[in-house]
Amino acid sequence: MKSLQTLLAKDLRRAWRNPVPWLVSIAVPLVITALIGVAFSPRAGSSGFGKVRFALVDEDDSRFTRMIRDALRGDEAGKYLDAEILDRGEAVRRVTNNKLAAAVIIPKGFTKDYLRARPVALELVKNPAQAIHPAIVEEGLGLLVSALNAIARTLGDDLAEWGALLDGSERFDFRAAGRLLERTGDHLAPAKAYLNPPLVSYEGETRANTSRPGPAWSLFAFLLIGMGAMFFLYMADNAMRDLYRELRFRTLERFQTLHEGLVVLITAKVAFAMAVVVAGAVILFGGGSLLFRFAWRQPLALTVLVVAYALFAAGFMGLLAALAGNERRADILNNVIVMVISLAGGCMFPPQQLPAFMRDHLTPLLPTAWFAGAARAVQDDPASLAWVGAAGGLAGVGVIVLLLAAALFRRRLQRGARA
Amino acid sequence: MALLQGNDLSKRFGEILAVDRVSFEVSKGEIYGLLGPNGAGKTTTISLVCGLLKPDGGNVVVNGSNFWSDPQAARRIMGVVPQDLAIYEELSGRENLEFWGRIAGLSLRDARARARELLEALSLVDRGNDSIKKYSGGMKRRVNLGCALMHRPDLLLLDEPTVGIDPHARANILDFIRGLVADGAAILYTTHYLEEAEMLCHRIGIIDHGRVLAEGTLADLRQRLGEAQLFVIEGVLAGVEPESWVGFAERFRVIQKTDRQLTVAAVGQRDPAECLKELLALPVRVENVTLKRPSLNETFLQLTGRELRE
């Protein structure tokens, strides 16, 4: 026990004297959380994406298309859309030069063909250099096309008469319009039960903005948990790979010339890995809470989860390092595996966004997902007991991988492994 | 009774026989030197003695007991100074000493006291609290040595403890080692420096290609040449074959020959003046003949056919 304490104190002192690798492991997740959180948090006070700038090319220039243009530039749409009315050449040039997200082109004769129930097509030119905005324009165009198709089917034969009426070449015939409106009213009468009052509606609520830390769901907490799950593995990896550094510095060889066994040394390294993970969690989660102004809703459950995860992380990264056989291989192998199990465990993205196969078959098996899922669950709902099972699972797997890692490391070191 | 015995130690790494039936004994108050070039098997021998490697053949006896029957007990009386520095760069000299003392079984109080004592003995008191990173090569070597002495071991295994440091730092370390022996320690000392072996060791084993070729005191080893003196003949010796001279091989043994120099030893107890006369009468153009006492280098040369520095 005395040797264990001495070894642990020595490692902590060395870490304290050379803090850069540890600080990086804490600073990076905080920075990533801040960047993503600020960009997408509801508190940012905007849609998070900015206005979608696109060109509208109206080659038809009919009463009908002017109605569409006005609608797109109205107050409500103007909150999210910035439509510029351009000719085709200028629109395509500005999309090509990455000035606009997309161009929507209404071809000449569109209204006439549509109102005569002939197939028509709107054109869309997307800018691949912009990630999300062109997709939003495309989705919006899809909605418009669905609406136009629905109107055409509802009005049936009357559509042609509407076309004639709206044709700008003749004087507007109010009498004909009155007759047409009456018939259209007859078409819509069966839908009255659904439209007034509407059959389906929704109620919206926007909570008052508050600067005070509160129990509300926090995007920052959500992100920090995921980032923590990933970077705690990196920290444990750094601590466990110190065994290889001790080989390289020959201090492990010197240790082996003394009467203490290798088990003490490996146990001390595990304790060191757990200590740095727990210390890292205190700084990352505690500092994150202060920095991003949210409160952890179940600190005790989170603490238990962190300790269990630290045990798993030390054992798992130790096992990987032992399997790798030397420091350089362990460096490469461990980094790749941490990335993969963090991605598949829902640390970087919400698990719901993962591909179906991964989400349904792989993610539930990963301890990274157990930790992140349980920690997020208790943050969402303090009454949740998901952390109990997750902590038990993490501790159980942690003990198994630790025993395997210790046995493998001991065997390698006894056989004269080199860094 | 010898504190350490290596009996017919052998170790093979694949095709390479690194140590081949090496035997030696080290008693209290004695420095036994293993002298040999790099790759001779010195470090492997030390690794076998301290249990870092298990021998394929032979055994190690420490304080009368087979090492592997109770390795922990054997290690408690051993202090090992590895050839490479085995200290923590992030810690200070004092912290390194205290740490290794604690691991060797000292209480915190004893470790602190002993570290103070050693820092003073190794002339490191002023720099004891500095990080090892700021130490010179010689200072690091001294800390490396001190870490093995924290628990006052009776048996010290020093694997080239002065390699790569300046002469002044080396002299300091050698003085310190002499002090340890004076206090009764038994030391197994490996080196490839002839001068160190000559100055420091009570007995020397010359090792090459994993085999101890000769062993004894410095006088014993010199005596192996069979004579008290060597004759160094300088002249034009290119293409000369001394073995072809009539009666030469019966009277002299060639130790070394180059195009300009021939070193020979007289066979048996002979009058040096008589030998000189015979050498000057050789059928070559002799420019100079010098008489000198044989050194370990000549012994090594005779045993291995090459110089230690090759």
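Here's a quick rundown of the structure.

1. A word on the overall build of chain A
When helices and strands are tallied, chain A shows 19 helices and four strands. For chain A, buried positions account for 42% of its 419 residues. Long-range contacts, defined here as pairs at least 24 residues apart, represent 76% of the contacts in chain A between residues at least 6 apart.

2. A few points about the packing of aromatic side chains
All told, the structure shown has 22 aromatic pairs over all chains when counted by the stated rule. On the numbers, 5.4 Å between centres and 55° between planes, the contact of Phe231(A) with Tyr234(A) is tilted. Of this pair, Phe231(A) and Tyr234(A) both sit in helix α11 (residues 219-240), three residues apart, roughly one helical turn. Just as Phe231(A) is buried, Tyr234(A) falls in that class too. An aromatic cluster is present here, built from Phe232(A), Phe285(A), Phe294(A), Trp296(A), Tyr309(A), Phe312(A), Phe316(A) and Phe371(A) joined pairwise through their rings. Over the aromatic face of Phe252(B) sits the side chain of Arg270(B), whose NZ or CZ is 5.4 Å from the ring centroid.

3. Details of the interface of chain B and chain A
Contacts between the two partners involve 29 residues from chain B and, on the opposite side, 22 residues from chain A. Interface area, chain B with chain A, both sides summed: about 2,500 Å², of which 60% is carbon and sulfur. The interface formed by chain B and chain A holds four salt bridges in total. Viewed at the interface, chain A and chain B are joined by 14 residue pairs in polar contact (both at pLDDT 80 or more). Where the side of chain B that touches chain A is concerned, the elements lending two or more residues are α2 (71-76), β6 (78-81), α3 (93-103) and α5 (137-149) of chain B.

4. A look at the packing of α11(A) against helix α18 (residues 367-380) of chain A
Residues and elements named next belong to chain A. As a packed pair, α11 and α18 sit with axes 9 Å apart at the nearest point and diverge in direction by 155°. Judged on the interaxial angle alone, α18 and α11 are roughly antiparallel. In the packing of α11 onto α18, the handedness of the crossing is right-handed. Contacts from Ala221, Phe222, Ile225, Gly226, Ala229, Phe232 and Leu233 of α11 reach α18 at Thr368, Phe371, Ala372, Ala375, Arg376 and Gln379.

5. Some remarks on the sheet that holds strand β3 (residues 102-106) of chain A
Residues and elements named next belong to chain A. Read from one edge to the other, the open sheet built from four strands follows the order β2-β1-β3-β4, with strand pairing classed as mixed. Each end of this open sheet is capped by a strand with a single partner; those strands are β2 (81-85) and β4 (123-126). Going from strand to strand, the sheet's axes swing by 25° on average, the running direction of each strand aside. Inspection of the sheet shows strand β1 (residues 52-58) paired to β2 by five bridges, in the parallel sense. Each bridged residue has a counterpart across the sheet, and for Val52 the counterpart in β2 is Leu81.

6. Details of the environment of Val80(B)
Relative to the assigned elements, Val80(B) resides in strand β6. With 77 residues separating them along the chain, Val80(B) and Leu157(B) place their C-alpha atoms 4.8 Å apart. Beyond its immediate sequence surroundings of up to four residues, Val80(B) is in contact with Arg254(A), Thr257(A), Cys50(B), Ala148(B) and Leu157(B).

7. Notes on the side chain of Asp20(B)
Residue and element names in this part refer to chain B. Position of Asp20 among the secondary structure elements: in strand β2 (residues 16-26). The class for Asp20 is buried, based on a relative accessible area of 13%. At 3.2 Å, the side chain of Asp20 forms a polar contact with the side chain of Arg21. Apart from residues no more than four positions distant in its own chain, Asp20 is found in contact with Leu9, Ser10, Gly210 and Arg211.

8. Quick word on empty space enclosed by the protein
Applying the stated criterion across every chain yields a total of one cavity of 30 Å³ or more. Forming the boundary of the largest cavity are Arg254(A), Thr257(A), Leu258(A), Val80(B), Cys147(B), Ala148(B) and His151(B). Classifying every residue of the lining of the largest cavity by side-chain character gives four nonpolar, two polar and one charged.

9. Things to note about the sheet that holds strand β7 (residues 155-159) of chain B
Residues and elements named next belong to chain B. The strand order across the open sheet built from six strands is β6-β7-β8-β3-β9-β10, with neighbouring strands paired in mixed fashion. Here the strands that pair on one side only, and so sit at the sheet edges, are β6 and β10 (211-216). Averaged over all neighbouring strand pairs, the angle between strand axes comes to 15°, with direction disregarded. The sheet contact formed by β7 and strand β8 (residues 186-191) spans five bridges and is parallel. When the bridges of β8 are listed, Asp159 appears paired with Thr190. Contacts from α5 reach β6 and β7, with the element oriented near 165° to β6. Relative to the sheet, helix α11 (residues 296-304) contacts β3 (31-35), β9 (203-208) and β10, its axis offset from that of β9 by approximately 40°.

Parameters at a glance
Residues numbered from 1 in each chain as written. Chains lettered and ligands numbered in written order. Predicted model: local features only at pLDDT ≥ 70, side-chain atom pairs only at ≥ 80, totals over all residues. Heavy atoms only, no water. Helix = DSSP H or I, 4+ residues; strand = E, 2+ residues; numbered from the N terminus. Buried < 20%, exposed > 50% of the residue type's maximum accessible area, 1.4 Å probe, protein only. Contact = heavy atoms within 4.5 Å. Phe/Tyr/Trp six-rings, centres within 6.5 Å; stacked < 30°, edge-to-face > 60°. Lys NZ or Arg CZ within 6 Å of the ring centre and 35° of its normal. Buried area = accessible area lost by both parts, 1.4 Å probe. Salt bridge = Lys/Arg side-chain N within 4 Å of Asp/Glu carboxyl O. Polar contact = N/O pair within 3.5 Å; in protein donor to acceptor, adjacent residues only side chain to side chain. Axes fitted to C-alpha atoms, helices over the stretch in contact; angles between N-to-C directions. Parallel < 35°, antiparallel > 145°, perpendicular 65-115°, else oblique. Left-handed = near helix turned anticlockwise from the far one by under 90°. Pairing = 2+ DSSP bridges. 1 Å grid on protein atoms, 1.4 Å probe; cavity = no way out; pocket = protein on both sides within 12 Å on 5 of 7 lines; lining within 4 Å. Points joined across faces, edges and corners; volume = space filled by probe spheres on them. Nonpolar A, V, L, I, M, F, W, Y, C, P; charged D, E, K, R; others polar.

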